[in-house]
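# Structural overview for review
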Amino acid sequence: MTPKTPIEVTAQPLATAGQPQLLVISCPHCGATHRHLTAGERHAPCGAKYTVVAPREEQP
Ligand SMILES: [Zn+2]
């Protein structure tokens, strides 16, 4: 039985000159680092499917 809820991975915030990005340091599928622009349910380049969880939201 495959659970419908994707794996949750906590991302590290990456401050860039432009749009802030989220770094998934260790992909649960391939172990590599993937970059995402937003949190939520994402598909990794390796084909993994997981939910990116941001460690915190920066409030202006
Ligand atoms: Zn991966």
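This part takes up the environment of glutamine 12. Note that glutamine 12 resides in strand 2 (residues 12–14). For glutamine 12, a count of 12 C-beta atoms within 10 Å gives the class exposed. Taking the C-alpha atoms as reference points, glutamine 12 and leucine 23, separated by 11 residues in sequence, lie 4.9 Å from one another. Ignoring any residue separated from it by four or fewer positions in sequence, one finds glutamine 12 in contact with Leu23 and Ile25.

Here we come to the sheet that holds strand 5 (residues 40–43). With mixed pairing, the three strands of this open sheet are ordered in space as 1-6-5. At either end of the open sheet lies a strand with only one pairing partner, and these are strand 1 (7–10) and strand 5. Taken over all neighbouring pairs, the strand axes of this sheet differ in orientation by 40° on average, direction set aside. Relative to strand 6 (residues 49–53), strand 5 is paired through four bridges, and the arrangement is antiparallel. In the strand pairing of strand 6, glutamate 41 is matched with threonine 51.

Cut-offs used in this document
Residues numbered from 1 in each chain as written. Predicted model: local features only at pLDDT ≥ 70, side-chain atom pairs only at ≥ 80, totals over all residues. Helix = DSSP H or I, 4+ residues; strand = E, 2+ residues; numbered from the N terminus. Buried ≥ 20, exposed ≤ 12 C-beta atoms within 10 Å, placed from the backbone. Contact = placed C-beta atoms within 7 Å. Pairing = 2+ DSSP bridges. Axes fitted to C-alpha atoms, helices over the stretch in contact; angles between N-to-C directions.

From the geometry alone we can't say anything about function, so treat these as descriptive.
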